[in-house]
Each structure stands twice: as structure tokens, then as C-alpha cells.
Amino acid sequence: MNEQTIAQAAVTSLRAEVLLAPKPGLVDPESNGAHRDMNVTTFEASIHALAPYFGQYLHAGLTAATVPQLYQQLRTIGVKAEKAMMTATVGVNTHRGANFSFGFLLGALGWLLQKQSIKQLVMHDFAPLFPAVAQIAQGVSGDFRDLSEKKQLSHGEALYMKHGVTGVRGEALAGYPTIRTVILPYLRQTTTRGDLRYLQLMVHLMAQVEDANVLHRGGPAGLRFVQDAAKALLHVPASRLPNGLRALNAEMIARNLSPGGTADYLSLAYFFDALMQQTG
């Protein structure tokens, strides 16, 4: 896989995630979920705006001389990407978390590709990637300092102050344990293909992820509801899963809950799946 193919796989992964249906509480072709300010068209505009920056993240990793230099480059590109996204969506946050994660993962991937191939990384279950991400992302630990003195907090910062939840920043600092322990084992072990492969993964993620979007909207009680509902769906036969997800969607709309963190992880799952499939 060349540089362009890897970056395009990330873009395609975002498109695959938004088109997957049915997704409880989330935007898809069947429903806008618990969102009144966005739909599939909004997501398509967002993806189009972000697409050029994914190649820049990867290229930064491929050409960086030091880890601190790479971190600064990724943050600089990330700010530009987020601004482009917010302009395209007229101020709607569609992919802030996904942009953050793809930025660090693509940057770390490029950094490793200076010395090894994608095929080698796949053969080793991407093991070197996660400590590399954790090392590169160390700078974001400063994002949690002096928050009490800030006048306006982001949703993520407010959740950290209220519940101690570190969200996507914490995942990056820990080397994305959810990818390592949930997503990659699932992708390797399951033989299911097509949409069902990802709908079942979505349920696994909803049952386990400490979803910052759900916490923001529904607090700890909302998170418990989503996790318990997902755990119940883990045992539903495949043929009945779509209808079970549609029923849960109605409940989550009524409770104004949206598992945006799970949506971001689904995008990452599509991406890693593409890397694994294309390299055999």
C-alpha cells in the first residue's frame, strides 16, 4: 500500500461508518438518530473537507525527524483540519474525535513506515503502532492542566472536570487500548462479512466504551442505559439484530443519547480492516 492508498482508506472508512445502518442514536441513511443539527449530507461535507488532511498526517509521520517535531506538526495540521470541517458543516461538530484519532494514528503509522512496511505491521498485529501513538501523543497530557482557570471548556474538558473522563485524549495517551483489546481481536476472529460484521462490532463497542458523547448528553445514568441495552443485544440472533437496533434507536432518540465515541471507533475499525485486507 502506498501513501495515497493508506490516506484514502481513512477517508473511505469515515464514509463507510456514516452509511452503516441501523445505528442507534447516530446519523445513518435510515435516521438522524438523536441529532437535530446533522444528517448524512452534513457528514459527507465534513468528510470531503477533512480528506486532504489525512494524507498530510501520514506524510508528516513519513518525513518527521523527531517525535516532538511530529507532535507539533500533527497538532498544527489537526487545527487546520478541524477548522475546515467546521466551515463545511457550518459549525456542526461531526468528526472532531475521529479527526483527532486519525491524526495521531496516521502520523504514528507514517513514523513507523520510515523503517518497516505495512505488511510487517499487519503480521505483528500492529503491535509497534500503539506505543508509538502513546509516545507521540504525550503532549496532549498538558490539555488537562489549568482547566479550572479556563473560561470556556470543550465538552471533553467539561467531562474531565466533572467525571474524570479523559475521552479520546486518554485513549491516545494510553495507545488506544480499545483498538488493541476490542477491535483488532474482533476483526481477526470473526468470519462474518458485510454490514453485519460492523453492526455486531458496534454492539460490542457500545457495551464497553466509556463514551464521552453519551456521558455529555446523559451522564453516568445514560451511559449505563446504553451499555446495558447493548449487552442485551449481544445475545440477539443475527437475523433479529437490525430490528433490535431500530428499537433501541427509538429509545435513544427519546433519551437524547448518541454514542459518538462508538461511531469514531467504527471508523477506525473500517480503516484497520482495510489495511489487513489489502495486505493479505
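Preceding this paragraph is the structure being described.
Calculation criteria
- Residues numbered from 1 in each chain as written.
- Predicted model: local features only at pLDDT ≥ 70, side-chain atom pairs only at ≥ 80, totals over all residues.
- Heavy atoms only, no water.
- Helix = DSSP H or I, 4+ residues; strand = E, 2+ residues; numbered from the N terminus.
- Buried < 20%, exposed > 50% of the residue type's maximum accessible area, 1.4 Å probe, protein only.
- Contact = heavy atoms within 4.5 Å.
- Areas by Shrake-Rupley, 256 points an atom, 1.4 Å probe, with all protein chains shown as cover.
- Axes fitted to C-alpha atoms, helices over the stretch in contact; angles between N-to-C directions.
- Parallel < 35°, antiparallel > 145°, perpendicular 65-115°, else oblique.
- Nonpolar A, V, L, I, M, F, W, Y, C, P; charged D, E, K, R; others polar.
- Phe/Tyr/Trp six-rings, centres within 6.5 Å; stacked < 30°, edge-to-face > 60°.
- Lys NZ or Arg CZ within 6 Å of the ring centre and 35° of its normal.
- Salt bridge = Lys/Arg side-chain N within 4 Å of Asp/Glu carboxyl O.
- Left-handed = near helix turned anticlockwise from the far one by under 90°.
- Polar contact = N/O pair within 3.5 Å; in protein donor to acceptor, adjacent residues only side chain to side chain.

Draft legend 1. Looking closely at the overall build of the protein chain. A count of helices and strands for the protein chain gives 13 helices and zero strands. Helices (α) and strands (β) of the protein chain occur, in sequence order from the N terminus, as α-α-α-α-α-α-α-α-α-α-α-α-α. Counting every position in the protein chain, which comprises 280 residues, the buried fraction comes to 52%. For the protein chain, contacts bridging at least 24 residues in sequence account for 73% of all contacts bridging at least 6. In the form shown here, the protein chain has an accessible surface area of approximately 12600 Å², with 51% of it arising from carbon and sulfur atoms.

Draft legend 2. Here's a closer look at the environment of Q278. Topologically, Q278 is positioned in helix α13 (residues 260–278). For the pair Q278 and I118, spaced 160 residues apart in sequence, the C-alpha to C-alpha distance is 9.7 Å. Residues in contact with Q278, not counting those within four places in the same chain, are M1 and T5.

Draft legend 3. Quick look at the packing of helix α2 (residues 40–63) against helix α3 (residues 67–88). One can describe the packing of α2 onto α3 by two numbers: an axis separation of 8 Å at closest approach and a directional angle of 170°. Of the possible angle classes, the one that applies to α2 and α3 is roughly antiparallel. Residue-level inspection shows A45, S46, A49, L50, Y53, Q56, Y57, A60 and G61 of α2 in contact with α3, the latter providing L70, Q73, L74, I77, G78, K80, A81, A84, M85 and A88. Looking at the contact of α2 with α3 residue by residue, the class counts come to 13 nonpolar, five polar and one charged.

Draft legend 4. Quick look at the packing of aromatic side chains. Inspection of every chain in the model, using the stated rule, returns nine aromatic pairs. Within the aromatic cluster, the residues linked to one another by ring pairs are F54, Y57, F102, F126, F130, F271 and F272. One residue, R255, lies across the ring of F225, its end atom 3.7 Å from the ring centre.

Draft legend 5. A look at the pattern of salt bridges. With the rule as written, the count across this model stands at five salt bridges. E82 is the partner of R96 in a salt bridge, and the nearest nitrogen-oxygen pair spans 3.0 Å. Of this pair, R96 sits in helix α4 (residues 96–113) while E82 sits in helix α3, placing them 14 residues apart in sequence. By relative accessible area, E82 is classed as partly exposed at 27%.

Draft legend 6. Region of interest: helix α6 (residues 129–136). α6 sits mainly inside the fold: six of its eight residues count as buried. For α6, the complete set of buried residues consists of L129, F130, A132, V133, A134 and I136.

Draft legend 7. Expanded view of the environment of L196. As for its position among the elements, L196 is in helix α10 (residues 195–208). You can call L196 partly exposed: its relative accessible area is 26%. Measuring from C-alpha to C-alpha, the distance between L196 and A21 comes to 9.6 Å, with 175 residues separating the pair along the chain.

Draft legend 8. The packing of α10 against helix α11 (residues 212–233), seen in detail. At a minimum axis separation of 7 Å, α10 and α11 run at an interaxial angle of 140°. When the interaxial angle is binned, α10 and α11 end up oblique. The crossing of α10 and α11 is left-handed. Contacts from V203, M206, A207 and Q208 of α10 reach α11 at V226, Q227, A230, K231 and L233. Across the contact of α10 with α11, the residue classes break down as six nonpolar, two polar and one charged.

Draft legend 9. Region of interest: the side chain of T190. Looking at where T190 falls in the secondary structure, it is placed in the loop between α9 (177–189) and α10. Here T190 falls in the buried class, since its relative accessible area comes to 16%. There is a polar contact of 3.3 Å between the side chain of T190 and the backbone nitrogen of T192.

Draft legend 10. Expanded view of unusual backbone geometry. Here the residue pair A21 and P22 is connected by a cis peptide bond, since its omega of 0° sits within 30 degrees of zero. By the element assignment, P22 lies in the loop between α1 (3–19) and α2. Backbone geometry places D125, a non-glycine residue, at a positive phi of 55°. D125 sits in the partly exposed class, given a relative accessible area of 36%. A positive phi is found at F126, a non-glycine position, where the angle reads about 60°. Mapped onto the elements of the fold, F126 is located in the loop between α5 (118–123) and α6.

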